[in-house]
Amino acid sequence: MPANLPREAKAKWAKVLEARRPEEKLKALEEFYSAIPKHKGTENLRRQITRKIAKLREEIELRRRKAAGKPVGPRFFVEKEDHPQIVLLGLPKSGKSSVVKVLTNAKTEVSDAPFTTKIPIPGTFKYQDVFFQLVDTPSLTGPWDSRVLALARNADGLLLVLDGTRPLLEQYETLARLLEDAGIRLEKPRARVEIQRRALGGRLQIVLLGRLVDCTLKDVEDLLRSYSLHSALVRIAGEATLDDIEDAIFENVVYKPAVLLVNKVDVKGVLEKAVELKKALGDKHPVVPFSAKKLVPKAVELLGRSLLEKLEVIRVYTKEPNKDQPSPKPMVVPRNTTVIEIARRIHSSLYKNFKYAKIWGPSAKYPGERVGGDHVLKDGDIVEIHSR
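Residues numbered from 1 in each chain as written. Predicted model: local features only at pLDDT ≥ 70, side-chain atom pairs only at ≥ 80, totals over all residues. Heavy atoms only, no water.

Caption draft 1: Quick peek at the sheet that holds strand β17 (residues 381-387). What the five strands build is an open sheet, ordered β14-β13-β17-β15-β16; its pairing is mixed. The two strands at the open ends of the sheet, each matched to only one other strand, are β14 (331-334) and β16 (369-371). Within this sheet the neighbouring strands show an average axis-to-axis angle of 40°, counted without direction. Pairing geometry for strand β13 (residues 313-318) and β14, over four bridges, is antiparallel. By the bridge assignment for β14, Val316 is matched with Met331. The strands touched by helix α11 (residues 339-346) within the sheet are β13, β14, β15 (354-360), β16 and β17, with β14 carrying the most contacts at an inclination of about 130°. (Pairing = 2+ DSSP bridges. Helix = DSSP H or I, 4+ residues; strand = E, 2+ residues; numbered from the N terminus. Axes fitted to C-alpha atoms, helices over the stretch in contact; angles between N-to-C directions. Contact = heavy atoms within 4.5 Å.)

Spelled out as structure tokens, the structure:
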């Protein structure tokens, strides 16, 4: 965690915030990095700033190549669909492409050679009316790491594919470390801190949705002002320490739910290794034993169920008034979603003119129960919305 930064370093961070052009920001980041003292408390911060500098250099180089009409490499952006996007990550020869090929309609290239996959390839995996978008990616520890990790940051969830013939815990720890260095956490954080800078002339507003641990609102305000954050909206949820807030100043750390898929369980002894990995990790992540060569329905079922549970989503079916059947394709929404949020997702006019809804399913006391907008939905509910 960043700690005890001198006044000079904080002043240089203010220059980073003021920088507008990429080249200006790069120079300001390099100067800030040189002012960070080297001690255990700043190790994580130094890694974060090193990564920001590398990413900015890459962006500047890409701009230069585009301006000169030179090739900039493959396109890595994959547009999200209505249902959850799951990005597959793995080390070379883990079998990601084989997994995507047997589960989806994607035309992936499968080879024993490492780094065969050079661009992200999406495919559709259907489980209980949910159409997961699985995205095959180039292996990590390769030339496209920064772009692959950017895909992971944008995804709804991650599927970490582990080669069952190699040490499993070692692979997991390598992937977790690469993700953490990219500001992506695999475990749900105790605290969530969001800092939105405002235009000059605004004020510092702190919205506390949880509680502070071993500090006060005055301490938080003093810390933010010491980094020249005089005009910002700061939201603090969960149980946050001063270190959590200082961390958020430098980087927007995101949490991504992850499922671990142990591939090649058709090889003798791999299934037992998968069981050992599950024991070692406890309840951190679901572990799915899998074979891309010998597909077993039970493994596919476990994978689909694990993804739904880890993403903490539910399926809600909508039905138009005076129609007998609901839509065959559900809306996939977070747990504890309310009826009014479903109305908002369907159309703004339906939300603004909401009158009441009828519910069939697990959350209804009886079929066709009439409810208000604050009714909390459950998995499998059917919703019929009535407007003015």
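Continuing now.
Caption draft 2: How the structure looks around the sheet that holds strand β12 (residues 287-289). Here six strands make up an open sheet; going across it, the order is β2-β3-β1-β4-β11-β12 and the pairing mixed. Each edge of the sheet is formed by a strand with only one pairing partner; in this case those strands are β2 (121-127) and β12. Between one strand axis and the next, the sheet turns by 25° as a mean value, whatever way the strands run. Here strand β1 (residues 85-89) runs beside strand β3 (residues 130-136); their pairing, made up of three bridges, is parallel. Paired with Ile86 across the two strands is Leu134, which belongs to β3. Where helix α9 (residues 270-281) meets the sheet, its contacts fall on β4 (157-163), β11 (258-263) and β12, and the angle it forms with β11 comes to roughly 155°.

Caption draft 3: Seen up close, the environment of Thr165. For Thr165, the position within the fold is in the loop between β4 and α6 (168-181). Residue Thr165 is classed as partly exposed on the basis of its relative accessible area, which comes to 44%. In this structure the C-alpha to C-alpha distance between Thr165 and Lys273, which are 108 residues apart in sequence, comes to 9.0 Å. Contacts of Thr165, omitting those with residues within four sequence positions, involve Lys264, Val267, Val270 and Lys273. (Buried < 20%, exposed > 50% of the residue type's maximum accessible area, 1.4 Å probe, protein only.)

Caption draft 4: The nonpolar core, seen in detail. In terms of nonpolar packing, the biggest core is built from 34 residues, with Trp13 and Phe32 touching the most fellow members. Contributing elements (two or more residues each) for this core: α1 (7-18), α2 (22-35), α3 (43-67), β6 (191-197), α7 (217-226), β9 (232-240) and α8 (242-250). Once residues within four sequence positions are removed from consideration, Phe32 is found in contact with Leu5, Ala9, Lys12, Trp13, Val16, Leu45, Ile49 and Phe250. Ranked by size, the runner-up nonpolar core spans 32 residues in total, among them Val87, Leu179, Leu186 and Leu260. (Core = buried A, V, L, I, M, F, W, Y, C linked by side-chain atoms within 4.5 Å.)

Caption draft 5: A look at the side chain of Ser231. Topologically, Ser231 is positioned in the loop between α7 and β9. Judged by relative accessible area, Ser231 falls into the buried class, the value being 10%. Ser231 has contacts with Arg197, Arg198, Ala199, Gly202, Arg203 and Leu204, leaving out every residue within four places of it along the chain.

Caption draft 6: Spatial organisation of unusual backbone geometry. In the Ramachandran plot, Gln128 falls in the positive-phi region, its phi being about 50° despite a non-glycine side chain. Tracing the sequence through the fold places Gln128 in the loop between β2 and β3. Look at Asp129: it is not a glycine, yet its phi comes out positive at around 70°. Summarising the element assignment, Asp129 is placed in the loop between β2 and β3. For Asp129, a relative accessible area of 27% translates into the label partly exposed.

Caption draft 7: Quick look at the packing of α7 against α8. Axis separation between α7 and α8 bottoms out at 10 Å; the angle between their running directions is 25°. By the angle class used here, α7 and α8 are roughly parallel. At the point where α7 passes α8, the crossing takes the right-handed sense. Of the residues in α8, those in contact with Asp219, Val220, Leu223 and Leu224 of α7 are Leu242, Ile245, Glu246 and Ile249. Within the contact of α7 with α8, the residues separate by chemical class into six nonpolar, no polar and two charged. (Parallel < 35°, antiparallel > 145°, perpendicular 65-115°, else oblique. Left-handed = near helix turned anticlockwise from the far one by under 90°. Nonpolar A, V, L, I, M, F, W, Y, C, P; charged D, E, K, R; others polar.)

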